[in-house]
Amino acid sequence: VEKENAIPIHSDFLAQTKSDPIPEFINSLLDTLEESGSILVYNQSFEASVMRKLKENSPENAARIDAVINRMVDLMIPFKDKILYHPETMGSYSIKYILPAFVDHNGYKGLKVANGAMATMAYEEIHYEEDENIINEIRNSLLEYCKMDTFAMILLLDVIRKYAKVKV
């Protein structure tokens with residue numbers, strides 16, 4: 001989202017081949033994130049650890065990856081620190097609990113891939129599946145799950161803005 005109330009622009013990357021996708025992914029990610037602006041994440045410590053792993057695989061991009069890590073803003077903090085709390089979350093600050101508690105949205109319900117563990121298994125399944133129709137179905141399910149993760153963060157940013165009455 002380039003500015004408040006702007007229409008979100010979606011980008012994604014899902015490797016097309018069974019060869020090592022990391023170099024292509026790193027280039028795609030860094031190009032998509034550009035050089036400025038906040039990068040909203042949910043669980044910054046996890047996302048930063050993934051970026052540090054990518055840096056090990058791409059030392060030539062170390063400075064750009066560090067810049068990405070430094071631009072991250074963690075949307076989880078108000079929920080983790082219970083600054084924003086709803087009893088329906090049952091004490092969890094997982095985005096899967098937070099989203100339906102604060103936003104009237106079905107969220108991940110009805111998705112064939114509805115959480116990270118399912119996404120990992122589905123992605124691995126692509127590498128063993130030979131039927132192109134099944135591969136495409138799995139890929140589409142993974143992309144829908146990733147879109148929902150992104151949309152959930154946009155919705156939660158709106159929640160934070162609403163309750164904090166400040167611009168983030």
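The paragraphs below set out a description of the structure included in this document. On a predicted model such as this, the values are computed, not experimentally measured, just so you know.

**Here's the deal with the pattern of salt bridges**
- Applying the stated rule across the entire model yields seven salt bridges.
- Asp66 is paired through a salt bridge with Lys55; the nearest N and O atoms lie 2.7 Å apart. In this pair, Asp66 is assigned in helix H3 (residues 62–70) and Lys55 in helix H2 (residues 44–57), connecting sequence segments eleven residues apart.
- Here Asp66 falls in the partly exposed class, since its relative accessible area comes to 30%.
- A relative accessible area of 22% places Lys55 in the partly exposed class.
- Lys96 serves as the salt-bridge partner of Asp149, at 3.7 Å between the closest nitrogen and oxygen. Of this pair, Asp149 sits in helix H7 (residues 132–164) while Lys96 is found in helix H5 (residues 95–102), placing the two residues 53 residues apart along the sequence.
- A relative accessible area of 24% places Asp149 in the partly exposed class.

**Focus on unusual backbone geometry**
- Although it is not a glycine, Glu34 sits at a positive phi angle of roughly 55°.
- Here Glu34 lies in the loop between helix H1 (22–33) and strand E1 (39–41).
- Exposure remark for Glu34: the relative accessible area of 55% places this residue in the exposed category.
- The backbone phi angle of Asn43 is positive, close to 90°, even though this residue is not glycine.
- Following the sequence through the fold, Asn43 ends up in the loop between E1 and H2.
- On the accessibility criterion, Asn43 (24% relative accessible area) is partly exposed.

Reading the values: rules and limits
- Residues numbered from 1 in each chain as written.
- Predicted model: local features only at pLDDT ≥ 70, side-chain atom pairs only at ≥ 80, totals over all residues.
- Heavy atoms only, no water.
- Salt bridge = Lys/Arg side-chain N within 4 Å of Asp/Glu carboxyl O.
- Helix = DSSP H or I, 4+ residues; strand = E, 2+ residues; numbered from the N terminus.
- Buried < 20%, exposed > 50% of the residue type's maximum accessible area, 1.4 Å probe, protein only.

Structural measurements only, silent on function.
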